[in-house]
Amino acid sequence: MCAELIADGPLDDPRTGLWWRLVGACTGEVMVRCCGGEWADAGDDSDGPAVRAPGLTAFPFNTAHRVLLGEEGKSLPSSASLVAAIARHRGLAG
């Protein structure tokens, strides 16, 4: 979905805010459900909430924002997969 959104270039400011929230929330919820985590206050580390599981913290809203701005090498599936792999390795998720 993000690839289609930025196919013509990074999003402009009004659209970025809307999609950043939607994509960050969906990605974070996948991380919560797959890793047995929970939503948490990210403090000054993010404008959106973090996902915390024992031993790891992820910032799906930061990654979503970077993807939507077209940052090279940023991927939501890779980010979620990495968090899930770490959780499985540490015995935190099934």
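Everything below is about the structure shown above.
All residue numbers refer to position in the chain's written sequence, counted from 1. In view of the model being predicted, local features appear only for residues whose pLDDT reaches at least 70, and side-chain atom pairs are presented and counted only at 80 or more, with totals across whole chains, interfaces and linings using the full set of residues. Each side-chain value is worked out from all heavy atoms of the structure, with water and hydrogens disregarded.

Caption draft 1: Just the overall build of the chain, in detail. Within the chain, the secondary structure is distributed over four helices and three strands. Under the scheme used here, helices are H or I runs from DSSP no shorter than 4 residues and strands are E runs no shorter than 2 residues, and both carry numbers assigned from the N terminus. Sequence-ordered secondary structure for the chain, helices as α and strands as β, is α-α-β-β-β-α-α. Over its C-alpha atoms the chain spans a radius of gyration of 13 Å, differing by no more than 12% from the 12 Å that the globule rule assigns to 94 residues. Referenced to the eigenvectors of the C-alpha coordinate spread, the extents of the chain come out at roughly 40 × 25 × 20 Å. Residue burial in the chain is summarised as follows: out of 94 residues, 37% are buried. Considering only intrachain contacts with a sequence separation of at least 6, the fraction spanning at least 24 residues in the chain is 45%. Here the open area of atoms and residues is found with the Shrake-Rupley method and a 1.4 Å probe, where only the protein chains shown may cover a residue. When the accessible surface of the chain is summed, it comes to about 5700 Å², and 53% of that surface belongs to carbon and sulfur atoms. Radius of gyration means the value over C-alpha atoms here, while the globule rule gives 2.2 Å times the residue count to the 0.38 power. A simple rule labels every residue: compare its accessible area, found with a 1.4 Å probe on the protein chains alone, to the largest value its type can have, and call it buried under 20%, exposed over 50%, or partly exposed in between. Residues are treated as being in contact if the distance between any of their heavy atoms lies within 4.5 Å.

Caption draft 2: Local environment of the sheet that holds strand β1 (residues 38-40). The strand order β1-β2-β3 describes an open sheet built from three strands, whose pairing is antiparallel. Because the sheet does not close on itself, it has two edges, and the strands there are β1 and β3 (56-58). Neighbour-to-neighbour, the strand axes of the sheet open up by a mean angle of 35°, direction not taken into account. In this analysis, strands are considered paired if DSSP registers two or more bridges between them. Across three bridges, strand β2 (residues 50-53) lies against β3 in antiparallel orientation. Counterpart to R52 in the pairing with β3 is T57. Fitted lines through C-alpha atoms serve as axes, helices being fitted only where they are in contact, and the angles separating the N-to-C directions of these axes extend from 0 to 180 degrees.

Caption draft 3: Representation of the environment of N62 within the structure. Within the element layout of this structure, N62 appears in helix α3 (residues 60-68). You can call N62 partly exposed: its relative accessible area is 26%. It is 8.7 Å that separates the C-alpha atoms of N62 and D45, two residues lying 17 residues apart in sequence. The contact partners of N62, leaving out residues within four places of it in the chain, are W20, D45, S46 and D47.

Caption draft 4: Just the packing of aromatic side chains, in detail. Classification of ring pairs rests on two measures: the distance between centres of Phe, Tyr or Trp rings, Trp counted by its six-membered ring, which must be within 6.5 Å, and the angle between planes, read as stacked under 30 degrees, edge-to-face over 60 and tilted in between. Taken as a whole and judged by the stated rule, the model has two aromatic pairs. Look at W39 and F61: their rings are 6.2 Å apart centre to centre, the planes differ by 50°, and that puts the pair in the tilted class. Taken together, the positions of W39 in strand β1 and F61 in helix α3 put the pair 22 residues apart, joining distant regions of the chain. The exposure class assigned to W39 is partly exposed, which follows from its relative accessible area of 34%. Taken together through their ring pairs, the aromatic side chains of W20, W39 and F61 make up a single cluster.

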